[in-house]
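Topology and contacts: notes
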Amino acid sequence: MSRNRFAFALILALIAPLAGCSVNPATGERSFTGFMSPEDEKRVGAEQHPQLVRRFGGEYGDAGLEAYVQKVGASLAAQTEVPELDYTFTVLDDEMINAFALPGGYVHVTRGLLALADNEAEMASVLGHELGHVTARHAAQRYSQSVAANIGVGLLGVLGAVAGLPTGTADIAGLGAQVYLQSYSRDQELEADELGIRYMARAGYDPGAMATFFRKLDAYTQLQAALLGAPDSGERLNIMASHPRTADRAAQAVEMAAAQNVVDGRLDRRRYLDAIDGLLYGDSPQQGVRRGRTFAHPELGIAFEVPPGFVMFNSPNQVTARGAGGALLIFDSPGGEAARSAGSMTRYVGSAGNANLRFGNVQPLEVNGMEAATGITRVNTRGGPMDVRMVAIRERPERIYRFLFLTPPSITERLATELQRTTYSFRRLSADEAAAIRPLRIQVVTVGQGDTAQSLARRMATPLPVETFRVLNGLSAGERLQPGREVKIITE
């Protein structure tokens, strides 16, 4: 046996007694979860749940919708192999289409996902999938593998000299474990799909709804790519890009649903549409509202415009906007204490450490009566060099706002005027302007005689209204609307 093989064999021999495998009641298979007990899962879930809620915009705050999702989730949880677990289902105030499960029975779904789903069965497919992660104890598997990998890394460091392993082997092993454990594996995702379909079928839902939701998700990612002006990048933009491709999962979901032999499975579309009628769509007023090229925050009382062709993305912590050629705009605000102690804006921009960059050629500005300053630097990125300009604006003594403009050097000069216009578009809103800003909401309407996707889309307050209308309602490009059908539109 070579010295390398001997070292790895010794590591495995030392790790094996520390943790064992157990048979999972949901999967019927042995899984390596010895470093996280069910009690640990409950404790970790309880600790991480409030942190995750804060990170994704807080709870949505609609008691009726929360109760509805909790009821559907509980009906699915009762069909699992561990129905005694105290499951919690939370709707997050986040426009992104996503869902999460924490160990111990904490399931989260965003309002953005609820807006995309077309019926209760599609929502149940997502909740069932997340329940599958819980019952299969995927988080415990991931954590236990991480601990084992770290133990292995430590042993490699101790034994490396004895076994003659090359310098740096432990670092490589640690990096590999970290990358592998960043998300659920492909097999775990597919296993959660299988369990989700099982729970749906047991609860009486049409298990084929999982496949229809996957197709809708695929259409949504293509729509987002079109909004970015990059129609070929849909799969890259998929929120599940680190997992099996949506199309592959849809195909597998069809096969698994057929194997359940469910007759007359429920969709419960009308009840679902009643539950989400009036749901916030897109931005929450607490995080600011995008309208075309304008971002306005009624609570903070500020607004600005991005350059033509830039597409904005909003989050609780910052606004980003992407333009052609790799240009990027980032808008945020440091904490109140950082603003109060910053001194002048020229000092603030010129001080080392702002955005982890050192800016030169710092110049004072005045933006609509507010003290400001700007500076430039150049950084090297994976995609090549980028010019970076910071603009800092003191809107009030305790509040500073920052723009970071990142441009490849080849287009910096060409974009300079438009980015300057963005800087000087920053302004305070009047009380009347702030009060007039209304968020978008889902409205459920009934298709009338002569209504078409095009005619109903004219009532939509979104970019690419026809395409968005079709995606939200699961309609193919040539599909006609049937009078009497209920559909979703987006209005103020």
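Basis of the calculations
- Residues numbered from 1 in each chain as written.
- Predicted model: local features only at pLDDT ≥ 70, side-chain atom pairs only at ≥ 80, totals over all residues.
- Heavy atoms only, no water.
- Helix = DSSP H or I, 4+ residues; strand = E, 2+ residues; numbered from the N terminus.
- Buried < 20%, exposed > 50% of the residue type's maximum accessible area, 1.4 Å probe, protein only.
- Contact = heavy atoms within 4.5 Å.
- Areas by Shrake-Rupley, 256 points an atom, 1.4 Å probe, with all protein chains shown as cover.
- Pairing = 2+ DSSP bridges.
- Axes fitted to C-alpha atoms, helices over the stretch in contact; angles between N-to-C directions.
- pLDDT = per-residue confidence, 0-100.
- Parallel < 35°, antiparallel > 145°, perpendicular 65-115°, else oblique.
- Left-handed = near helix turned anticlockwise from the far one by under 90°.
- Nonpolar A, V, L, I, M, F, W, Y, C, P; charged D, E, K, R; others polar.
- Salt bridge = Lys/Arg side-chain N within 4 Å of Asp/Glu carboxyl O.
- Polar contact = N/O pair within 3.5 Å; in protein donor to acceptor, adjacent residues only side chain to side chain.

1. A look at the overall build of the chain
- A tally of regular secondary structure across the chain gives 18 helices and 19 strands.
- Relative to its full complement of 492 residues, the chain shows a buried share of 49%.
- Partitioning the contacts of the chain with sequence separation of at least 6, the portion at a separation of at least 24 is 63%.
- Roughly 23,400 Å² of accessible area belongs to the chain as shown, and the carbon and sulfur atoms make up 52% of that amount.

2. A look at the sheet that holds strand 5 (residues 106–110)
- Spatially, 3-5-4 is the arrangement adopted by the 3 strands of the open sheet, whose pairing is mixed. The open sheet has two edge strands with one neighbour each: strand 3 (88–92) and strand 4 (99–102). On average, each strand axis in the sheet is inclined to that of its neighbour by 20°, with strand direction left out of account.
- Bridging between strand 4 and strand 5 involves 4 bridges; their strand directions are antiparallel. Residue pairing for strand 5: Ala-99 is matched across the bridge by Val-109.
- Across the sheet, helix 3 (residues 63–77) is in contact with strand 3 and strand 5; its angle to strand 3 comes to roughly 140°.
- On top of the sheet, helix 5 (residues 120–135) reaches strand 3, strand 4 and strand 5; it is set at about 25° to strand 4, its chief contact.

3. Description of the confidence of the model for the chain
- Per-residue pLDDT for the chain averages 82, and the proportion of residues at 70 or more is 78%.
- This stretch, residues 6–12, has a pLDDT under 50; its non-local contacts, to residues over four places away or in other chains, come to 9 contacts.
- Throughout residues 233–243 the model reports pLDDT below 50, and contacts reaching past four residues in sequence, or to other chains, amount to 26 contacts.

4. A word on the side chain of His-297
- You can see His-297 is positioned in strand 8 (residues 294–297).
- Taking the relative accessible area as the measure of exposure, His-297 reaches 7% and is therefore buried.
- Excluding residues that lie within four positions of it along the chain, His-297 makes contacts with Pro-285, Gln-286, Gln-287, Gly-288, Ile-302 and Leu-429.

5. What to know about the packing of helix 5 against helix 8 (residues 186–202)
- Where helix 5 meets helix 8, the axes come as close as 7 Å, and the angle between the chain directions of the two elements is 120°. Here helix 5 lies oblique to helix 8, going by the angle between them. Handedness of the crossing formed by helix 5 with helix 8: right-handed. Residues Ala-121, Ala-124, Ser-125, Gly-128, His-129, Leu-131, Gly-132, His-133 and Thr-135 of helix 5 pack against Gln-188, Glu-189, Ala-192, Asp-193, Leu-195, Gly-196, Tyr-199 and Met-200 of helix 8.
- Its residues placed into classes, the contact of helix 5 with helix 8 shows 7 nonpolar, 8 polar and 2 charged.

6. What about the sheet that holds strand 6 (residues 280–281)?
- The 3 strands lie next to each other as 6-18-19, forming an open sheet whose pairing is antiparallel. Single-partner strands in this sheet number two, and they are strand 6 and strand 19 (486–491).
- With 6 bridges connecting them, strand 18 (residues 440–446) and strand 19 associate as antiparallel partners. When the sheet's bridge partners are listed, Val-444 is paired in strand 19 with Lys-488.
- Where helix 12 (residues 269–276) meets the sheet, its contacts fall on strand 18 and strand 19, and the angle it forms with strand 19 comes to roughly 15°.
- Its contacts with the sheet place helix 18 (residues 465–472) against strand 6 and strand 19, and it is angled at close to 135° to strand 19.

7. So, the pattern of salt bridges
- If you walk through the whole model with that rule in mind, you get 24 salt bridges.
- A salt bridge links Arg-43 to Asp-40, with the nearest nitrogen and oxygen atoms 3.5 Å apart. Of this pair, Arg-43 and Asp-40 both sit in helix 2 (residues 38–55), 3 residues apart, roughly one helical turn.
- Judged by relative accessible area, Arg-43 falls into the partly exposed class, the value being 43%.
- Under the relative-accessibility criterion, Asp-40 is labelled partly exposed at 24%.
- The partner of Glu-479 in a salt bridge is Arg-485, with the nearest N and O atoms 3.9 Å apart.
- Residue Glu-479 is classed as partly exposed on the basis of its relative accessible area, which comes to 31%.
- One continuous salt-bridge network, built from bridges that share partners, spans Glu-120, Arg-266, Asp-268 and Arg-271.

8. Let's talk about unusual backbone geometry
- The phi dihedral of Asn-361 falls on the positive side, at around 50°, and the residue is not glycine.
- Within the element layout of this structure, Asn-361 appears in strand 13 (residues 360–367).

9. With respect to the side chain of Arg-402
- Secondary-structure assignment places Arg-402 in strand 16 (residues 399–407).
- Side-chain polar atoms of Arg-402 contact the side chain of Tyr-348, separated by 2.9 Å.

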